[in-house]
Each structure stands twice: as C-alpha cells, then as structure tokens.
Amino acid sequence: MRKVRTASGATAVQIASKTRGVRTIVEHLGSAHDDEQLAVLVAIARERIAELAGHVPFDLDGLGATPPATTAPTVTGSRSRLLWDVLEDAYARLGFDAVGNDTFKKLVLARVVEPTSKADTLRVWDELGVPGAPSLSTVWRTLARSVEQDWRSKIAAAAYAHATRSGPLTVVLYDVTTLYFEAEREDKLRKVGMSKERRVDPQILVGLLVDQGGFPLEVHEFAGNRGETLTLLPVLDQFRERHSATEVVVVADAGMLSAANLNRLEDAGFGFIVGSRTSSAPYDLAEHYATVGNIVTDGETVETTRTMGAGVNARERRVVWQYSHKRKIRDNITLNKQIERAEQIAAGTRPAKKDRFVTLGTGPGVNWARVEKAREYIGLKGYVTNLSTATASAAEIVAAYHDLFQVEATFRMAKTDLRARPMFASTADSIHAHLTVVFCALAISRHLYKTTGVTVRRIVRALRPLRDVTITIDGHELTATTPPTGEAADIIAALRPGVGH
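Treat the numbers as computed from the prediction; the structure is a model and nothing was measured. (Residues numbered from 1 in each chain as written. Predicted model: local features only at pLDDT ≥ 70, side-chain atom pairs only at ≥ 80, totals over all residues. Heavy atoms only, no water.)

Participant: For this particular structure, what's the right way to read the overall build of the protein?
Facilitator: When helices and strands are tallied, the protein shows 17 helices and 16 strands. Sequence-distant contacts, at least 24 apart, represent 63% of the contacts inside the protein between residues at least 6 apart. Within the structure as shown, the protein displays about 24,400 Å² of accessible surface, and the carbon and sulfur contribution to it stands at 51%. (Helix = DSSP H or I, 4+ residues; strand = E, 2+ residues; numbered from the N terminus. Contact = heavy atoms within 4.5 Å. Areas by Shrake-Rupley, 256 points an atom, 1.4 Å probe, with all protein chains shown as cover.)

Written as structure tokens, this is what we have:
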C-alpha cells in the first residue's frame, strides 16, 4: 500500500508491487482530503490487497461483508453531518427559521464554522459537504432580499422570544464598538471618527444590546463619526417599539454618561445604570470624606448625589461609589505608568501630548498636587442611576453594572470567532446584510456556549473532523461514520435531546 501527496494537497492511496527494485502501480484507489477519508481508503486498500493475495475479504469496520469488488472502491461523498446538524438545531431552537430562507441559514451556519468572504463561503460549504449549496449569484440575491424584506426584525423578534422564554427581561446591557474598513474614501456611513482601535480608516459604529447573559437582542450600525451617546436612544426606541418593552433597566459604560443623554433616557421611561468617570470622585465624595473620613474597606459602598445638567435641565442623580482592593492594585499600576510618562515629558525624553499630570507654564513638569489627589481615589468606581433605593440597593446597582463584561465578551466573540469586520462590504445595504448574518451567528454562538460551556471555536474544532464518508463498490454505496469521542462526545451529550448521533 502506498500513500502519495498530490499537487492539490490530497493524499492518494495506491496498491503497488515491487519486483527487483522496480515499483509498479497495481491499482489507484482514490484521493483523501482529510484523516477520515484517508482511514477509509487505507481500510479498502488492505481489503483489496487481501483479495489479490487470495485471502478472504473482511468486514469494513462493521459495514457488513461485501462481495469481491470487480471495480476499484471510490469515495463518492464526505460531509461533516454531525457539526451541521448541531448548528441547524441551534438555528431552529432560536426561532430563526421564521426567516424562511435556506440560503440565508446556510450563510449564517457557514460563518459560525469558518468566517470568510461571501464568495469563499462556497468553498466552506463544499468542504463540509453541505447538500444543496447555493450558487454565488443566489447568495447575492439572498443578501439583497434580507435588506429589502427586513429579515433583521424577524431575527430580533425571535432572539427576544428566546431570551424571555423563562421570564421577562428586567435588565439589558448596551455598548458600542467600531469596525474599520480598508478603504480610501468616506461615504455616508463609513466615516473617519474616534476609533477604539486607534485607526484613521473609515469606520462604522456598531451598537449592541444584549441580555444579562450576553445573548444578543439588537444590533444597529451608525455613521463612523457619530457620538457614542447619540446611539443609545435610537437602539432602545427600536427595542421598545419592536417588543413593547417598557419596564427595562439599561446598563451602559461611562461613554454614555452625559446629562442630556440621561434626561432623554429617563423621559423615554427607561431606568438606567451608567458608569461614572473616576475624575468625578473628588466632587461627589468631598462631603463624605470631610465628615466621615477617607477610610473605606474592601467592597464598601458610599452613596452620594450629583446635580447633572444646567437650568431647567438640571436633575439630581443618585451616585453609588464602591471601593475594591483589586481595583486599587490595577489603578495603581495605571497611575504609576501615567506618572512615568509625565516625568519623561518633564525630562525632555518624550514629546508632550495630552498626558495626565503634565503641567506646562515656563516648561513641562509634573503636577505632583494632582498626583497626590488622584492617589486618594484609586480603587473607587462610581455608578450613576435613576433607580431609587427602594427599587435597587447599592449592592444590586454594582452587581448589575458588573454584568457589562458580557457585552464586551460578545463583541470579542464577534470580532475574533466570527470576524465581524466587514472588510469586503462597501455599500450601506451590504454592510447591513453582513451584520444581520453576523448577528444570527453571534446568537447561535452564545446559545451553544451557554448550553455546553464550550466556545464555538472549540465546538467546531471538535466536531468538524467527524465525517460521514460514502464509498461506492461495484455500484453499492456504503457509509462510514466517525463516532464522537472525548470532548466531541461531551458536547453532543450536553446538547441532547436536541441533537442525536
């Protein structure tokens, strides 16, 4: 038996004989593109060699005895059935079948498996052995239809129904990220703006609303130069209009903190918990420190009030401050780095920029008074809310805000596992369609993670190699299935009864 690497990267399996140092190819059995196909071809080769030697043929891994073949066995099909079944089941469980388009479903599931361009998705389907894979022209028509018929609304409705299956939502989390484009020119949507990745390329803002477990509820795109604070209310208005949701508390980071923004949220009927900038601590805590002192213990909370806005727009806000020893250690590291940069500017070894603790005057120097003031407040984190003490305690306010890491985790999943950055999209409609596909894939990924405790990347890595291989021998088709073992078996067990073997 001889295994040879072909020019296409496959492995050809041949039966060869060697006489007086001269090798002769007796029979070419086929080419394998993965380990499973190779194992089947090797088994067939051994059987064929036994036949040629006059031995009795043996069963092919439990597929049953086969009569001596008069033609070479060939691999006629191979597919990652188990992985595709898992993904299709998740798609259906989330209610996304309401879209009613098979090509769209295949696009979503392919992005979960291997994020790539829409054109290259055809290769992914082919490698997975997906039956009835559509053509590229069908893909483009489907994406255009997803915008024309507003499939995102159907998907958002299904996602909300899934998230509220065990009860109504009381808290939603919101954050914004940027997705940049490798494009030379701006347009109405792709604009140069404040980049979270410190880039100067045209970008868009993406606002994501999730539940407390990080499951996505809404996704919206905005022009890249739009202020973050101006994105929250349109997303929430759409959310409320779509689901008639009113008794909801919104949690967002300090980027959403502005008096006007909070007033609009409150006037719209939303409760909110928003992170406060640490620079506000000296003003909020001045009275408390003057009367009680500045000694706080790990986990201790201090409640204060702050007047936000001016004139008729001024409103009194409840502010909860919490001290954490772990946060103090992290803040101290950051503070020391900022002092180091300020000292380098004062020494002339670093150019002056907008660095903290730098004073100019007759020459650059370190503002040590500001340094000492800052040290008094490290370890503190503030939270601004319109919830009363009867509605939520200080501890509940802090705990709700800490769930905000779920949005960051979901964004990381979108940018890494699903590669949401639409490098190949250029028009507003194509970007919208792309983010709709990513939104669905993100929901499936979070659902699978919650169900199995395993990331979607590990699920794909464990299940993708398990293939059903179809072999044709003398007109008879046999199917060899690789059973799940190890982590793959654990994943399937966690997903039962939804997915069978």
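There's more to say after this.
Participant: Sorry, what's going on with the pairing of strand 5 (residues 171–180) here?
Facilitator: Counting buried positions along strand 5 gives 10 out of 10 residues, so the element sits mostly inside the fold. The alternating pattern of strand 5 places Val171, Leu173, Asp175, Thr177 and Leu179 on one face and Val172, Tyr174, Val176, Thr178 and Tyr180 on the opposite face, and all of these are buried. Pairing of strand 5 with strand 8 (residues 249–252) involves four bridges; the strand directions are parallel. Paired with Val171 across the two strands is Val249, which belongs to strand 8. Across eight bridges, the pairing between strand 5 and strand 6 (residues 203–210) is antiparallel. By the bridge assignment for strand 6, Asp175 is matched with Leu208. (Buried < 20%, exposed > 50% of the residue type's maximum accessible area, 1.4 Å probe, protein only. Pairing = 2+ DSSP bridges.)

Participant: I'm lost on the nonpolar core in this one. Help?
Facilitator: Nonpolar side chains in soluble globular proteins tend to be buried together. Judged by nonpolar contacts, the single largest core of 116 residues is most densely connected at Ile444 and Leu463. Looking at which element gives the most residues to this core, the answer is helix 15 (residues 428–452), with 11 residues. If you count residues domain by domain, this core takes at least three from each of domain 2 (81–149 + 436–500) and domain 3 (151–324 + 379–417). With residues near it in sequence (within four places) discarded, Ile444 still touches Leu87, Ala90, Tyr91, Leu94, Phe96, Val108, Leu109 and Val112. (Core = buried A, V, L, I, M, F, W, Y, C linked by side-chain atoms within 4.5 Å. Domains from an automatic or database assignment.)

Participant: How do you make sense of the pattern of salt bridges when you look at a structure like this?
Facilitator: Side chains that differ in charge, positive against negative, can pair when their charged atoms come close. Per the counting criterion, the structure on display carries 23 salt bridges. When the shortest N-O distance is used, the salt bridge between Glu88 and Lys105 registers 3.4 Å. Of this pair, Glu88 sits in helix 2 (residues 81–93) while Lys105 sits in helix 3 (residues 102–113), and the two are 17 residues apart along the sequence. Lys105 sits in the buried class, given a relative accessible area of 14%. (Salt bridge = Lys/Arg side-chain N within 4 Å of Asp/Glu carboxyl O.)

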